[in-house]
Amino acid sequence: MPQSSSPFSTLSPRVLAQVAAAALVASAGTAYGQCDPVTNYGGPNTMAVGSLPNGVGVGDANNDGNLDLATGNFFGGDGSLIIGNGDGTFAPAIQIPMVAVGDTSGVGVQDAAIGDFNGDGWGDLAFTVNSGDLGNPGLAIVMNDGAGNFPGLPTFISFATQPRGLALVDIDQDGTLDIIYSDRDLLTLFIARGNGDGTFTVDDTTLAAGGPTGVAVSDFNGDGWLDVACSLVFDGAVAIFLNDGAGNLAESSRVAADGPEGIAAGDFNNDGFADLVIPHLNGDEAQFFMNNGNGTFGAKQVINTGAGSLPIAVGSSDANGDGFDDIFLSEFLNAAVQVHLSNGDGTFAAPNSFPAGQRTRDIAFGDFNNDGADDLAAANGATAGTATVILNNCGGAAACTGDIADDFGNLGADGMVSFGDFLALLGLLGPCPGGAPGCTGDIADDFGNLGGDGMVSFGDFLALLGLLGPCP
């Protein structure tokens, strides 16, 4: 059956998962896979990487459909790539050098990311670096050879003295990945615009006065364009940079925050707009700002993390499958990560902690064992550096992804329609033929009989949302 564009065709898998979770909350009263947040995380799987990893990125570097990890190693002066096996285990780390063997140039690698920069389907690598010896490059780009290998040395682009935040996004909606990174001392947000062939054109005109560090990317004002929130450590503030609809950023507003460096965006009240959370390292707290729905943010709310917790790394993900993003914060000296579950109204339950790596400096999320739940990855910034993956056992998609034959064509087979059917339907969505009004109610034609009008349409999607139930 031919596929064509739909309202969901450009959404990322993470966004699609959020849509599904929201639908389940609305239709079934309990979300797919919802489970006990105290017991849902397994023990840490800790793997050796380079010295003092400051950042961790997630993506598919070898085009096998499984998520991999990359770290930026500050003391090691290199990056590490860890290939995922798809079951939550990983191969030993591969070191990605920044300079040739024998070159004594000092290089400090801050952060890492994985993305396809030339459209060949293979994940390439980006690292933020600082090195006076190399003329202070800002970004190191290492291209995949098309077989999952990275044989060449990086191409250094842009400029930086103290690079901090890093994000891969299509900021100008031209179909190619761009790179956004901040430089604390140069007071600048850099945009390296992808040319689609693995090269970049750097725009360094976005002033971010106040010491820009962490960056978070989302559509904060609902206009369909990605915006950037940036923590300003010198000014004690978070600045919101709105997209002008052509891929350019300009500061539109600020909120005051204490000791801001890290930052994360997430929809913690499920209203469709991303909120912000910023750790206050010396205050043993996190600061939460709810989006007003227009790219401005409400008054600061303080979330206590406990005496001596020293929260430094922050992230957001749905920990327990209820459709609301939750807040994750590392306890820097305690080898633990806290999860603060959202109550769905902009407030949070008391935290639960689980073991993680020593001195966690950065966290990221991805489904490393393909069970439908976001797992956690951490860069642990000790001299003998490690990366840690902690599996979220709230998953269960594997038990539901194969039941299209049971449910999608026959609701009586297990008594309910499940998340696997939702995913299957997303892959089959097609337009209404000729704009026929029958598409809004053609569940009888398509949902039970795909041959009814030759395609599955948006009306079937809406009908399925009303029938979704949890995995049996």
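Definitions and cut-offs
- Residues numbered from 1 in each chain as written.
- Predicted model: local features only at pLDDT ≥ 70, side-chain atom pairs only at ≥ 80, totals over all residues.
- Heavy atoms only, no water.
- Helix = DSSP H or I, 4+ residues; strand = E, 2+ residues; numbered from the N terminus.
- Buried < 20%, exposed > 50% of the residue type's maximum accessible area, 1.4 Å probe, protein only.
- Contact = heavy atoms within 4.5 Å.
- Phe/Tyr/Trp six-rings, centres within 6.5 Å; stacked < 30°, edge-to-face > 60°.
- Pairing = 2+ DSSP bridges.
- Axes fitted to C-alpha atoms, helices over the stretch in contact; angles between N-to-C directions.
- Lys, Arg positive; Asp, Glu negative; His and termini not counted.
- Salt bridge = Lys/Arg side-chain N within 4 Å of Asp/Glu carboxyl O.
- Polar contact = N/O pair within 3.5 Å; in protein donor to acceptor, adjacent residues only side chain to side chain.

1. With respect to the overall build of the protein chain
- Scanning the protein chain from N- to C-terminus turns up 5 helices and 30 strands.
- Each of the 472 residues in the protein chain was classed as buried or not, and the buried ones make up 53%.
- Put simply, 47% of the contacts in the protein chain that link residues at least 6 apart link residues at least 24 apart.

2. Observations concerning the packing of aromatic side chains
- The full count for this structure, using the stated rule, is 11 aromatic pairs.
- Judged by centre distance (5.1 Å) and plane angle (80°), the ring pair of Phe-288 and Phe-348 falls under edge-to-face. In this pair, Phe-288 is assigned in strand E20 (residues 285–289) and Phe-348 in the loop between strand E24 (336–340) and strand E25 (352–355), connecting sequence segments 60 residues apart. An identical accessibility class is assigned to Phe-288 and Phe-348; each is buried.
- Three or more aromatic residues joined by ring pairs make a cluster, and in this case those are Tyr-41, Phe-328, Phe-354 and Phe-365.

3. Describing the sheet that holds E20
- The strand order across the open sheet formed by 4 strands is E18-E19-E20-E21, and the pairing between neighbours is antiparallel. With partners counted over all chains shown, the strands left at the sheet margins are strand E18 (264–266) and strand E21 (301–304), one partner each. Neighbour-to-neighbour, the strand axes of this sheet turn through a mean angle of 30°, independent of strand direction.
- Of the strand pairs in this sheet, E18 and strand E19 (residues 275–280) are connected by 3 bridges, and their pairing is antiparallel. From the neighbouring strand, Ala-264 faces E19, where its bridge partner is Val-277.

4. Remarks on the side chain of Asp-183
- You can see Asp-183 is positioned in strand E11 (residues 178–183).
- Despite its burial, Asp-183 pairs with no opposite charge, the nearest such side chain being Arg-184 at 6.9 Å.
- Leave out the neighbours within four places in its chain, and Asp-183 touches Ala-160, Thr-161, Gln-162, Pro-163, Thr-188, Phe-190 and Pro-212.

5. Regarding the pairing of E20
- The element E20 is largely enclosed, with a buried count of 5 among its 5 residues.
- Of the two faces of E20, the one lined by Glu-285, Gln-287 and Phe-289 and the one lined by Ala-286 and Phe-288 are each fully buried.
- Two successive antiparallel strands, E19 and E20, enclose a turn made up of 4 residues, where Asp-284 displays a positive phi of approximately 50°.
- Pairing of E20 with E21 involves 4 bridges; the strand directions are antiparallel. Of the residues in E21, the one forming a bridge with Phe-288 is Gln-301.

6. With respect to the environment of Thr-347
- Tracing the backbone through its elements, the reader meets Thr-347 in the loop between E24 and E25.
- When its relative accessible area of 34% is taken as the criterion, Thr-347 is described as partly exposed.
- Spatially, the C-alpha atom of Thr-347 lies 10.0 Å from that of Met-290, the residues being 57 residues apart in sequence.
- A polar atom in the side chain of Thr-347 sits 2.5 Å from the side chain of Asp-345.

7. Re the pairing of strand E28 (residues 386–390)
- Within E28, 5 of the 5 residues are buried, which leaves the element mostly enclosed by the surrounding structure.
- In E28, alternate side chains face the same way, and those of Thr-386, Thr-388 and Ile-390 on one face and Ala-387 and Val-389 on the other are all buried.
- Summarising the sheet, strand E1 (residues 45–48) and E28 pair through 4 bridges and their orientation is antiparallel. Its bridge partner lying in E28, Ala-48 is registered against Thr-386.
- Across 5 bridges, strand E27 (residues 375–380) lies against E28 in antiparallel orientation. What sits directly across from Leu-376, in E28, is Ile-390.
- Counting the residues in the hairpin turn of E27 and E28 gives 5 residues.

8. Some points on the pattern of salt bridges
- Applying the stated criterion to the full structure yields 6 salt bridges.
- One salt bridge connects Arg-193 with Asp-203, and the closest N-O pair in it is separated by 3.3 Å. Of this pair, Arg-193 sits in strand E12 (residues 188–194) while Asp-203 sits in strand E13 (residues 200–207), and the two are 10 residues apart along the sequence.
- Judged by its relative accessible area of 15%, Arg-193 is buried.
- On the accessibility criterion, Asp-203 (16% relative accessible area) is buried.
- A salt bridge links Arg-254 to Asp-235, with the nearest nitrogen and oxygen atoms 2.9 Å apart. Pair noted here: Arg-254 is in strand E17 (residues 249–256) and Asp-235 is in the loop between strand E15 (227–232) and strand E16 (237–243), with a separation of 19 residues, a long-range link.
- The exposure class of Arg-254 is partly exposed, given its relative accessible area of 36%.
- What makes Asp-235 partly exposed here is its relative accessible area of 43%.

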